[in-house]
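Breakdown of the fold
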Amino acid sequence: MTNAPDHSQQPDVPAEPAESAEPAESAEPAGSTEPAGSTEPAGSTEPAEPVEVATHDEVTVRRAPKYPVFLIMGALAGVIVSLIVTSLFPFQEGEGVASTYGYFSLWGLTFGGAIGSLVAIIVDRVSVRRAKSVTAERSRVDAPDEAVEGDIES
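Cut-offs applied
- Residues numbered from 1 in each chain as written.
- Predicted model: local features only at pLDDT ≥ 70, side-chain atom pairs only at ≥ 80, totals over all residues.
- Heavy atoms only, no water.
- Helix = DSSP H or I, 4+ residues; strand = E, 2+ residues; numbered from the N terminus.
- Expected span 1.5 Å × (residues − 1).
- Buried < 20%, exposed > 50% of the residue type's maximum accessible area, 1.4 Å probe, protein only.
- Contact = heavy atoms within 4.5 Å.
- pLDDT = per-residue confidence, 0-100.
- Salt bridge = Lys/Arg side-chain N within 4 Å of Asp/Glu carboxyl O.

Given a rise of 1.5 Å per residue, 33 residues ought to cover 48 Å, and the 47 Å separating the end C-alpha atoms of helix 2 (residues 97-129) matches this to within 8%. Of all the residues in helix 2, the buried ones are Thr-100, Ser-105, Gly-108, Gly-112, Gly-113, Gly-116, Ala-120, Asp-124 and Ser-127. Those residues of helix 2 hidden inside the fold are in contact with helix 1 (67-88).

Okay, here's the thing in structure tokens:
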């Protein structure tokens, strides 16, 4: 925030530079009416309007599967199937239910994840065939460059 006056508070007539002992050698042209520190162009009195740019593009729309979801769901299904399979068969006296289920659940997790990944790839191939090509309009609004008056604080 600066203490500099707003654009509406600036005087209409530019202030004359104070006379000094040195000869006045100005870098500005003789016919210039702009103050020495002004950053606005000479003919700009009103702010410029924003410019809207619209382009049309040809895009392909399709529903693609999310691979991690298929992988996780396949792995969970494999663990559940291994639980069902281990509970259907009788256990030996020296082995417990938990150790047998743990061993088979590792296989069920691996094969279930692989099957889930294959299903995701098949669904992805089917979605490529069902893809539709449409025209999309992309609009962009370009704001005009604004002149900054005064000091910029960082």
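Now that the structure is up, let's keep going.
Here the protein chain averages 75 in pLDDT, while 67% of its residues score no lower than 70. Within the protein chain, the lowest mean pLDDT, 82, falls on strand 1 (residues 51-61), and the highest, 93, falls on helix 1. In this model, residues 19-34 is a region of pLDDT below 50 whose contacts with residues beyond four sequence positions or in other chains number 6 contacts.

Attention shifts here to the environment of Ala-131. With respect to the element layout, Ala-131 can be found in the loop between helix 2 and strand 2 (132-142). The partly exposed category is assigned to Ala-131, whose relative accessible area is 26%. Spatially, the C-alpha atoms of Ala-131 and Val-61 are 5.6 Å apart, while their sequence positions differ by 70 residues.

Below, the discussion takes up the pattern of salt bridges. All told, the structure shown has 2 salt bridges when counted by the stated rule. Here Asp-57 makes a salt bridge to Arg-138, at a shortest N to O gap of 3.0 Å. Of this pair, Asp-57 sits in strand 1 while Arg-138 sits in strand 2, placing them 81 residues apart in sequence. Overall, the relative accessible area of 55% leaves Arg-138 in the exposed class. The salt bridge partner of Asp-124 is Arg-62, with a shortest N-O separation of 2.7 Å. Taken together, the residues Asp-124 in helix 2 and Arg-62 in the loop between strand 1 and helix 1 connect sequence positions 62 residues apart.

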